[in-house]
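For reference, the chains in residue letters:
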Amino acid sequence: SKQINVALIGNPNTGKTSVFNALTGLNQKVGNYPGITVDKKEGVCKLPRGVKAHIIDLPGTYSLNASSLDENVVIELLLNKNDKDFPDVAVVVSDVENLKRNLLLFTQIKDLEIPTILVINMSDRMDYKGISLDIEYLEKELNTKIALVSTRKNTGISELKTLISDYKKLSTKGCLNASEIDKAYFENLQNAFPDQLLYKLWLVITQDVNFGTVERQEFDSLEDFKTKSKADLKRLQQKETIKRYQFINNVLKKGQTIDLKNAKDLRIKLDRILTHKVWGYVIFFAI
Ligand code: GDP
Ligand code: MG
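Computed from a predicted structure; not experimentally measured.

Procedures and definitions
Residues numbered from 1 in each chain as written. Chains lettered and ligands numbered in written order. Predicted model: local features only at pLDDT ≥ 70, side-chain atom pairs only at ≥ 80, totals over all residues. Heavy atoms only, no water. Helix = DSSP H or I, 4+ residues; strand = E, 2+ residues; numbered from the N terminus. Buried < 20%, exposed > 50% of the residue type's maximum accessible area, 1.4 Å probe, protein only. Contact = heavy atoms within 4.5 Å. Areas by Shrake-Rupley, 256 points an atom, 1.4 Å probe, with all protein chains shown as cover. pLDDT = per-residue confidence, 0-100. Axes fitted to C-alpha atoms, helices over the stretch in contact; angles between N-to-C directions. Parallel < 35°, antiparallel > 145°, perpendicular 65-115°, else oblique. Nonpolar A, V, L, I, M, F, W, Y, C, P; charged D, E, K, R; others polar. Pairing = 2+ DSSP bridges. Salt bridge = Lys/Arg side-chain N within 4 Å of Asp/Glu carboxyl O.

Draft legend 1. Inspection of the overall build of the chain at higher detail. Secondary structure summary: the chain contains 14 helices and eight strands in total. Across the 287 residues in the chain, those meeting the buried criterion constitute 48%. Nonlocal contacts in the chain, meaning residues at least 24 apart in sequence, comprise 70% of its contacts between residues at least 6 apart. A total of about 15,200 Å² of accessible surface is found on the chain, and carbon and sulfur atoms cover 52% of it.

Draft legend 2. Up close: helix H6 (residues 157–165). For H6, the set of buried residues is Ile157, Leu160, Leu163, Ile164 and Ser165. Each element contacted by the buried residues of H6 is listed here: strand S1 (3–9), helix H1 (16–24), strand S4 (89–95), strand S5 (116–121) and strand S7 (145–148).

Draft legend 3. Seen up close, the side chain of Asn5. With respect to the helices and strands, Asn5 occurs in strand S1. Relative accessible area serves as the criterion here: at 10%, Asn5 is assigned to the buried category. With near-sequence residues (within four places) excluded, Asn5 lies in contact with His54, Lys84, Asp85, Phe86, Pro87, Asp88 and Val89.

Draft legend 4. Here's a closer look at helix H5 (residues 135–142). Among all positions in H5, only Tyr137, Leu138, Glu139 and Leu142 are buried. Just downstream of H5, Asn143 is the residue with a positive phi angle, here 60°.

Draft legend 5. Focus on the confidence of the model for the chain. Per-residue confidence for the chain gives a mean pLDDT of 79; residues scoring 70 or more make up 72%. Counting interchain partners and residues more than four positions distant, the pLDDT-below-50 stretch residues 184–197 has 18 contacts. Contacts for the low-pLDDT stretch residues 208–218, under 50 throughout, to residues beyond four places or in other chains number 20 contacts. For this predicted complex, the interface confidence comes out at an ipTM of 0.99, alongside a pTM of 0.81.

Draft legend 6. Inspection of the packing of H1 against H6 at higher detail. Look at H1 against H6: their axes get within 11 Å of each other, and the N-to-C directions meet at 80°. With respect to H6, the element H1 is oriented roughly perpendicular. The segment H1 lies against H6, with Val19, Ala22 and Leu23 engaging Ile157, Leu160, Lys161 and Ile164. In terms of residue class, the contact of H1 with H6 is built from six nonpolar, no polar and one charged.

Draft legend 7. Region of the structure containing the sheet that holds S7. Overall, mixed pairing links the six strands, which are arranged S2-S3-S1-S4-S5-S7 in an open sheet. Two strands close off the open sheet at either side, each with one partner strand: strand S2 (41–46) and S7. When the angles between neighbouring strand axes are averaged without regard to direction, this sheet yields 25°. Relative to strand S3 (residues 52–57), S2 runs antiparallel, the two sharing six bridges.

Draft legend 8. Region of interest: the environment of Ile117. Relative to the assigned elements, Ile117 resides in strand S5. Residues Ile117 and Ile146, spaced 29 residues apart in sequence, show a C-alpha to C-alpha distance of 5.9 Å. Setting aside residues no more than four positions away along its own chain, Ile117 makes contact with Val89, Ala90, Val91, Val92, Thr144, Lys145, Leu160, Leu163, Ile164 and Leu170.

Draft legend 9. Structural detail: the pattern of salt bridges. Evaluated as defined, the whole model comprises nine salt bridges. The partner of Arg49 in a salt bridge is Asp166, and the shortest N-O contact between them spans 2.6 Å. One end of the pair, Arg49, is in the loop between S2 and S3; the other, Asp166, is in the loop between H6 and helix H7 (178–181), and 117 residues separate them in sequence. Overall, the relative accessible area of 61% leaves Arg49 in the exposed class. Two residues, Lys84 and Asp85, come together in a salt bridge whose shortest N-O distance is 3.4 Å. The buried category is assigned to Asp85, whose relative accessible area is 3%. The structure contains a network of salt bridges with shared partners spanning Glu97, Arg125, Lys129 and Asp265.

Next up, the structure:
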């Protein structure tokens, strides 16, 4: 049977390596500081219906706006369809406590039109933080399948395996498409370049990705353009981030509730403060 490529992608410290270990049964070192995964780690996972997956644990990255070597590893893989590791499925791992920030990268990967599953990890923390999620709504708005996982409690992993084995059903539709990011800007370029290349192209230019691995001839005519419009493109990049956060905020407004009154975490902290002996002194001196 066919072996499919599954790439684990996400911000540092969201639990990628923990998910990798849960899927592969391997025991890679789980970090207590960001960036412990410096290289890609690989393993194999047997899935329902005889599907075999080749799992790649990638270094943590905050966005596809590359600023570090780690991030370049991810970008170069995602922009190169001919890479032997090019993912059939991108599993974006996020941390339920930092969804907003984590979803920035998720929307960028979606917009590369790669089949994507969103893992919301650390679900064991939801009670403590008073977080509840409308998974169905989030799946609809983000155009994706979601696995709510806790690698600590070992929950949601078999659901994740099933979602991966059903990878053919995953949507390749983006969240915000290139033309939504900056219509006017792209309209100017429309005549010059084929539509589906625009977003990739834009990534390549703004991020200074070494695009030797991407279909090189498609970008050759751009060298000139690239040097001329660098400042414009930086601005465009900032605009892109703002648009993405607007989109994410809107989705989370309905899809996520954070009820501080119900947060165990807060109640525990409050209890600690109220029972702290300091209050004894305060009362003593007050009297
Ligand atoms: P990576 O940087 O994305 O590879 O994340 P790691 O797998 O190294 O995990 C980062 C930290 O999150 C570690 O301290 C893990 O123990 C912790 N962690 C991972 N999964 C969970 C989870 O499901 N629940 C909780 N509470 N912590 C987790
Ligand atoms: Mg890791």
